[in-house]
Structures are given as structure tokens and as C-alpha cells.
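One letter stands for each residue in the lines below.
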Amino acid sequence: MRRIAVLDDFQSVAARFADWSLVPEPVEVVAFPDHLADPDALVERLAPFDVVVAMRERTPFRRDVLERLPGLRLLVTTGMRNASIDLAAAADLGIAVCGTGSHPTGPVELTWALILAVARHLPREDAAVRAGGWQETVGTDLAGATLGVLGLGRLGARVASIGLAFGMDVVAWSANLTDEQAAEVGVRRVGRDELFATADVLTVHLVLSDRTRGLVGREELARMKTSAILVNTSRGPIVDEAALLAALQAGSLGGAGLDVFDREPLPADHPLRSAPRTVLTPHLGYVTERTYEVFYREAVEDVAAFLAGDPVRVLTRPGSAGPGGRTA
């Protein structure tokens, strides 16, 4: 019997969204509702499993971890990109790595939930009403304000279109963005410095890479208006957490809505948990019913296809031990 580990099933819904009876061989599926950050504990947990289904980029599978899992035949990641998996090491070790599709609207919707929550002080006002209070804050108008979009790709373009519907002046910048590409979305391309200096709301939609890590740092935050709102639903390390904390504590930034962090889950004693003028969510951008339906349905398809000898959505690099990896 094949043993399949499903990681980071915090809501205990893997069984609800996946029909494992579609796998052509008998399988035992174990879904773990917690997260293990320690590599030794992770290896000990996963040693008995042939297949691992990883949730997004939360669990790093570097070479030193993969080498200690000789029984691992297939690693499935939700989504088709996962910077936390060493694909070269997996290829060298003959481990097949497959991905899944995704549903694009969840992160966009959460971005706007965070923008509105920060701009209108929703957590504070909700708490005040429940405690017997009434109208403690004055909200920020979005119509007529400037929305700065850092990264005008698939998600950034959707966020920008909603900003236009709100009546905002929408500007964008990324390293390779052209005037023509921005115009196709109906927004203006501006320089990097102008983006930070003029945005009333700055929202981050870049892929994490060596080029984007720490891109929003102390200097960039210092250029922003003291009333500006920063929202990050992309990847935590794109924004320098220490610099962001300093800006919030000094009152030099109007507020922040954060769904992603350098370390996830966010440690209980992390200073961001008590930072002023913030709305924090636990990486909920992709956590929607439609997204989970795609993730888990296609994870089952990946496992079934691999065991049938015809793997799909293969991410291991060409020239590896072959798309089937270790003997199925």
C-alpha cells in the first residue's frame, strides 16, 4: 500500500477536497494539520511515505532533506512554481516533482480586503462595536487616491483594474514593465522612485527572487508618504520586515496589510503581531474553496498518473532521471 503525506492541512479539509479513491492503487493518506519547521523532525515524519503533497512554498525541500528521504518517489506541490523545492536535487535523486493548477482570484480579492480593512480601520472598529463603542476612527478615501502596483503581472493587473473601478489613479512599476504593457491594463508606468513617493496605497505583486528579495527596504519606505498604506500578499521577504516595523513604530507609514511573512507560520512572539496600524492575515490569499478544489483534485491526478507510469505536470528539469523519477 502506498503511503501519502499531505502537509499543512491546517483546516483539516484535504479529505473533503480530494477523492483519493481515484488513485489506481490502494493508498493510505495521512493529512497533517500542523507545520514542522525543523528539518530533522520533518525527515522523521516523512520517512515512511512514498508520496508527499506540499502546500505551496511553506516547507523547504532542499537537497539535504531530500537525500534523507530514500523512500520518497513523488513530491507534489500545489501550484506550478515552488521556490522551496530544489528541483535539481530532486532530479539527481530520481524524485518526480509535479505541480497543480491554481485559481487566480483569491489573492486579488484578499488584497482588496486588506486595503479596505486598513483604510477604514475595520478591525479596530469591529472590536469597538463589540465592546460597546461607536465611531472611533476616520477612514481614508480611495476614490481620487493613487494606487501604486509593484508588479503588473497576472495578479497585479487584476488588482489594478479594481483600483480603476474605485476611481483611483493607478500607476505601476516593475523592472521589465513597458509603457505599452501598462497601457494595456489602463494604467501608467512610472519610475521606481515615483511609485513609492506618490502612492497612497502600495500593493506588492512580484515573484520572490534574488532580485526582489528586500526590494521594499528602508530607503523605499522612507520615500513613501507618512499617510500611505503598504499591502503585501505576495511573499514576505520582498519587504524588509525590520524596516517596515521601524516605519510603523516611528509613525512614518500610515499602515500595513500583510498576508505573508519572512517566517510562516508567524512566531507567537513576533513583533509584527503587536505592530501599530496593521491588519495581519495568515497567508490566506490562496485559501479559498475554488483554489483548494483545484489544488487537491489535481494533486490526486498527479499521484494517479505517476503510479500509472505517465506523470503529468512534471516540474523536474530535463536531463533528470526521467519524468518517472525513482521506480514507481
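Notes on the structure follow. The structure displayed is predicted, hence computed values, not measured ones.

How each quantity is defined
- Residues numbered from 1 in each chain as written.
- Predicted model: local features only at pLDDT ≥ 70, side-chain atom pairs only at ≥ 80, totals over all residues.
- Heavy atoms only, no water.
- Helix = DSSP H or I, 4+ residues; strand = E, 2+ residues; numbered from the N terminus.
- Rg over C-alpha atoms; globule rule 2.2 N^0.38 Å.
- Buried < 20%, exposed > 50% of the residue type's maximum accessible area, 1.4 Å probe, protein only.
- Contact = heavy atoms within 4.5 Å.
- Areas by Shrake-Rupley, 256 points an atom, 1.4 Å probe, with all protein chains shown as cover.
- 1 Å grid on protein atoms, 1.4 Å probe; cavity = no way out; pocket = protein on both sides within 12 Å on 5 of 7 lines; lining within 4 Å.
- Points joined across faces, edges and corners; volume = space filled by probe spheres on them.
- Nonpolar A, V, L, I, M, F, W, Y, C, P; charged D, E, K, R; others polar.
- Pairing = 2+ DSSP bridges.
- Right-handed = clockwise from strand over helix to strand, strands pointing away.
- Core = buried A, V, L, I, M, F, W, Y, C linked by side-chain atoms within 4.5 Å.
- Axes fitted to C-alpha atoms, helices over the stretch in contact; angles between N-to-C directions.

Each helix and strand in the protein chain was counted, giving twelve helices and twelve strands. Taken against the 2.2 N^0.38 rule, which gives 20 Å for 328 residues, the C-alpha radius of gyration of the protein chain at 22 Å falls within 12% of a compact globule. Its C-alpha atoms give the protein chain principal-axis dimensions of roughly 60 × 50 × 30 Å. By residue count, 51% of the 328 residues in the protein chain fall in the buried class. Long-range contacts, defined as pairs at least 24 residues apart, comprise 64% of the intrachain contacts of the protein chain with a sequence gap of at least 6. Counting every atom, the protein chain has about 14,900 Å² of accessible surface; 51% of that belongs to carbon and sulfur.

The next thing to look at is the layout of surface pockets. Here the largest pocket defines a volume of roughly 960 Å³. Taken together, 38 residues line the largest pocket, and the ones lying closest to its centre are Arg81, Leu155, Leu206, Val207 and Ser234. Those elements that place two or more of their residues in the lining of the largest pocket are helix H7 (154-165) and helix H12 (289-307). The calculated volume of the second largest pocket comes to roughly 590 Å³. What lines the second largest pocket is a set of 23 residues, among which Glu57, Arg58, Pro60, Ser84 and Asp262 lie closest to the centre.

What follows covers empty space enclosed by the protein. Evaluated as defined, the whole model comprises three cavities of 30 Å³ or more. A volume near 50 Å³ is recorded for the largest cavity. Grouping the constituent residues of the lining of the largest cavity by class yields four nonpolar, two polar and three charged. In this structure, the second largest cavity is lined by Asn232, Gly236, Val239, Glu241, Leu244, Leu258, Val260, Phe261 and Leu272. When its residues are assigned to classes, the lining of the second largest cavity shows six nonpolar, two polar and one charged.

Moving on, we come to the pairing of strand E4 (residues 74-77). Neither face of E4 is exposed, since Leu74 and Val76 on one face and Leu75 and Thr77 on the opposite face are all buried. Alignment of strand E3 (residues 51-54) against E4, held across four bridges, turns out to be parallel. Note on E4: the bridge partner recorded for valine 51 is leucine 74. In this sheet, strand E5 (residues 96-98) lies alongside E4 in parallel orientation, the contact comprising three bridges. Of the residues in E5, the one forming a bridge with leucine 74 is alanine 96. Note on the crossover from E4 through helix H4 (residues 87-93) to E5: the handedness is right-handed.

Counting 30 residues, the largest nonpolar core has Leu150, Leu221, Leu230, Leu244 and Leu253 as the members making the most contacts within it. Those elements giving two or more residues to this core turn out to be strand E7 (169-173), helix H9 (192-198), strand E9 (201-204), helix H11 (241-250) and strand E11 (255-258). Of all the elements, H11 adds the most residues to this core, at five residues. The contact partners of leucine 150, leaving out residues within four places of it in the chain, are Trp173, Leu195, Phe196, Thr203, Val204, His205, Leu206, Leu215 and Val216.

For the rest of this paragraph, the subject is the environment of arginine 62. Looking at where arginine 62 falls in the secondary structure, it is placed in the loop between E3 and helix H3 (63-66). When sequence neighbours within four positions are dropped, the list of residues in contact with arginine 62 reads Ala83, Ser84, Ile85 and Asp86.

What follows concerns the sheet that holds strand E8 (residues 188-189). Spatially, the seven strands line up as an open sheet ordered E8-E7-E6-E9-E10-E11-E12, and their pairing is parallel. Only two strands of the sheet have a single partner each, and these edge strands are E8 and strand E12 (278-280). Relative to E7, strand E6 (residues 146-150) is paired through five bridges, and the arrangement is parallel. For threonine 146, the partnering residue across the bridge sits in E7 and is aspartate 169. Together, E6, E7 and E9 form the strand contacts of H7, whose direction differs from that of E6 by roughly 175 degrees. Together, strand E10 (229-232), E11 and E12 form the strand contacts of H11, whose direction differs from that of E11 by roughly 140 degrees.

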